[in-house]
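Structural features, examined
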Amino acid sequence: MPDFNFEVTGQEYSITMALSLPRSAKVDEAKISILRDYFINAVPLNAYEEIKNKNSKLSQLTQAQEQEIKLGRELDEKKTNSFPLQVMNLKHQ
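Residues numbered from 1 in each chain as written. Predicted model: local features only at pLDDT ≥ 70, side-chain atom pairs only at ≥ 80, totals over all residues. Heavy atoms only, no water.

**Things to note about the packing of aromatic side chains**
Put simply, the rule reads: Classification of ring pairs uses Phe, Tyr and Trp, with its six-membered ring standing for Trp, and accepts pairs whose centres are within 6.5 Å; under 30 degrees between planes counts as stacked, over 60 as edge-to-face, and the remaining range as tilted. Whether a residue is buried, partly exposed or exposed follows from its accessible area with a 1.4 Å probe, protein chains only, as a fraction of its type maximum: under 20%, in between, or over 50%, in that order.
Taken as a whole and assessed by the stated rule, the structure comprises two aromatic pairs. For the ring pair F6 and Y13, a centre distance of 6.0 Å and an interplane angle of 25° mean the geometry is stacked. Residue classification places Y13 among the exposed positions, given a relative accessible area of 59%. Taken together, a centroid distance of 5.2 Å and an interplanar angle of 75° make the contact between Y38 and F39 edge-to-face. F39 shares its class with Y38; the two are exposed.

Written out as structure tokens, the structure reads:
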């Protein structure tokens, strides 16, 4: 019987599906790799699926871009806040 697990971490959602296989099924790393590649490269069944996949990829890119912008702002803020301290230290020497 399939087992489904749904997790939410921040703004990220993850659904994991597990299926028990009989011991007689010879599953090795090569077969797992083939299955993983199949699901990663699976062709969409219809136009809706294709649009949904593209929207998902765009959403991931947007999140990565927002994270980079946030990190850039934090770095700029650190530079701005640390500069006067460095100048003050140079004056005291």
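Back to the write-up after that little detour.
**A closer look at the layout of surface pockets**
To be explicit about the condition: Lining residues are those with an atom within 4 Å of a point, where the points come from a 1 Å grid over the protein atoms alone and group into cavities, where a 1.4 Å probe fits but cannot get out, or pockets, open sets with protein on both sides within 12 Å along at least five of seven lines. Grid points are joined across faces, edges and corners, and a volume is the space filled by probe spheres set on the points. Secondary structure elements are defined from DSSP: runs of H or I of at least 4 residues count as helices, runs of E of at least 2 residues count as strands, and each element is numbered from the N terminus. Throughout, the ten residues Ala, Val, Leu, Ile, Met, Phe, Trp, Tyr, Cys and Pro are labelled nonpolar, Asp, Glu, Lys and Arg are labelled charged, and all others, Gly among them, are labelled polar.
There is about 340 Å³ of room inside the largest pocket. If you go around the largest pocket, the residues you meet are Y38, F39, I40, N41, A42, V43, P44, L45, E49, N53, S56 and K57. Elements with a minimum of two residues in the lining of the largest pocket: helix 1 (29-40) and helix 2 (47-92). It is helix 2 that provides the largest number of residues to the lining of the largest pocket, a total of four residues. Class assignment for the residues of the lining of the largest pocket results in seven nonpolar, three polar and two charged. In this structure, the second largest pocket encloses a volume near 240 Å³. Put simply, the parts of the chain that give the lining of the second largest pocket at least two residues each are strand 2 (12-18) and helix 1. It is helix 1 that contributes the most residues to the lining of the second largest pocket, three residues altogether.

**Some points on the environment of S20**
Here S20 is to be found in the loop between strand 2 and helix 1. Put simply, S20 and D3 are 17 residues apart on the chain and 8.5 Å apart in space, counted from C-alpha to C-alpha.

**What about a nonpolar patch on the surface?**
Our working definition: A residue counts toward a patch only above 30% relative accessible area and without a salt bridge, and it is joined to like-charged neighbours within 9 Å or, for Val, Leu, Ile, Met, Phe, Trp and Tyr, to nonpolar neighbours within 5 Å. Each accessible area is a Shrake-Rupley result for a 1.4 Å probe, and residues are judged covered by the shown protein chains and nothing else. Note on definitions: salt bridges are taken to be side-chain nitrogens of Lys or Arg within 4 Å of carboxyl oxygens of Asp or Glu.
A contiguous nonpolar surface patch, about 740 Å² in accessible area, is contributed by F4, F6, V8, Y13, I15 and M17. Of all the elements in the fold, those that place two or more residues in the nonpolar patch are strand 1 (3-9) and strand 2. Looking at the element boundaries, V8 is found in strand 1. Owing to a relative accessible area of 46%, V8 belongs among the partly exposed residues under this scheme.

**Considerations on the pairing of strand 2**
In plain terms, the rule: A pair of strands is considered paired only if DSSP assigns at least 2 bridges between the two.
For strand 2, the tally of buried residues reaches only zero of seven residues, placing the bulk of the element at the surface. Adjacent in sequence and paired antiparallel, strand 1 and strand 2 are bridged by two residues, among which G10 carries a positive phi angle near 65°.

**Here we look at the pattern of salt bridges**
If you walk through the whole model with that rule in mind, you get two salt bridges. Here E49 makes a salt bridge to K52, at a shortest N to O gap of 3.6 Å. With E49 and K52 both in helix 2 and three residues apart, the pair spans about one turn of that helix. With relative accessibility at 24%, the residue E49 sits in the partly exposed group. Classification of K52 by relative accessible area gives partly exposed; the value is 40%.

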